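Observations on the model geometry
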Amino acid sequence: MNNKNKHRENGNPLFGMLGTASTMGMHMVSGPLVGGGLGYLCDIYFFDSYPIGLCIGVVLGVFAGFRNIYIDAQYIQREQKRLDEEKIEYDEENKKNGQ
């Protein structure tokens, strides 16, 4: 489903952006959890170096979370710019039509 259909289903494009913004918090939680879990599993089953792999996994998970937040923030900025341009076009049309 492309973004235009997503916005049309909700009736308001801000709800689609709100959904994107709400995932940003989940990225900060899920990144370190997954990274830490994978680091822990590598420590226990492969390397037998308990705290090192866990710490590396958590750090990499935090970096992955921040990367995903950066990507989501860019998406929100693009969508907000598109919405602003649509509003300006709509206002200019109404001005021309005398409304």
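Residues numbered from 1 in each chain as written. Predicted model: local features only at pLDDT ≥ 70, side-chain atom pairs only at ≥ 80, totals over all residues. Heavy atoms only, no water.

**Structural notes on the overall build of the chain**
Broken down by element type, the chain carries three helices and zero strands. Helices and strands appear in the chain in the N-to-C order α-α-α. Across the 99 residues in the chain, those meeting the buried criterion constitute 22%. Across the chain, contacts joining residues at least 24 apart in sequence account for 59% of those joining residues at least 6 apart. With the model as given, the accessible surface of the chain reaches about 7500 Å², and the carbon-plus-sulfur share is 63%. (Helix = DSSP H or I, 4+ residues; strand = E, 2+ residues; numbered from the N terminus. Buried < 20%, exposed > 50% of the residue type's maximum accessible area, 1.4 Å probe, protein only. Contact = heavy atoms within 4.5 Å. Areas by Shrake-Rupley, 256 points an atom, 1.4 Å probe, with all protein chains shown as cover.)

**Some remarks on a nonpolar patch on the surface**
There is a patch of nonpolar side chains on the surface, built from Val34, Leu38, Tyr40, Leu41, Ile44, Tyr45, Phe46, Phe47 and Tyr50 and spanning about 1000 Å² of accessible area. At eight residues, the largest contribution of residues to the nonpolar patch is made by helix H2 (residues 13-47). With respect to the element layout, Tyr45 can be found in helix H2. (Patch = residues over 30% accessible without salt bridge, like charges linked within 9 Å, V, L, I, M, F, W, Y side chains within 5 Å. Salt bridge = Lys/Arg side-chain N within 4 Å of Asp/Glu carboxyl O.)

**Regarding the confidence of the model for the chain**
Counting all residues, the mean pLDDT for the chain is 83, and 87% of those residues have values of 70 or more. Note on residues 4-9: pLDDT is under 50 here. Beyond four places in sequence and across chains, it has 12 contacts. (pLDDT = per-residue confidence, 0-100.)

**Quick word on the nonpolar core**
Counting residues in hydrophobic clusters, the biggest one holds six residues: Met17, Met24, Ile69, Tyr75, Ile76 and Leu83. Breaking this core down by element, the ones donating at least two residues are H2 and helix H3 (50-96). Considering every element that reaches this core, the biggest residue donor is H3, with four residues. (Core = buried A, V, L, I, M, F, W, Y, C linked by side-chain atoms within 4.5 Å.)

**Focus: H3**
For H3, built from 47 residues, the straight-helix expectation of 69 Å at 1.5 Å per residue is met to within 8% by its first-to-last C-alpha distance of 70 Å. Of the positions making up H3, those classed as buried are Gly53, Gly57, Gly61, Gly65, Ile69, Asp72, Tyr75, Ile76, Glu79, Leu83 and Asn94. Just downstream of H3 lies Gly98, where phi reads positive at about 80°. (Expected span 1.5 Å × (residues − 1).)

**Some thoughts on the pattern of salt bridges**
A full pass over the atoms with the stated rule returns three salt bridges. When the shortest N-O distance is used, the salt bridge between Glu79 and Arg82 registers 3.0 Å. One end of the pair, Glu79, and the other, Arg82, are both in helix H3, three residues apart, so they sit about a helical turn from each other. Residue Arg82 is classed as partly exposed on the basis of its relative accessible area of 23%. One salt bridge connects Arg82 with Glu86, and the closest N-O pair in it is separated by 2.4 Å.

**Remarks on a negative patch on the surface**
There is a patch of like negative charges on the surface, built from Asp84, Glu85, Glu89, Glu92 and Glu93. Checked against the element boundaries, Glu89 lands in helix H3. (Lys, Arg positive; Asp, Glu negative; His and termini not counted. Charge placed at Lys NZ, Arg CZ, Asp CG, Glu CD.)

**Re the environment of Asn68**
Turning to its location among the elements, Asn68 is positioned in helix H3. What makes Asn68 partly exposed here is its relative accessible area of 25%.

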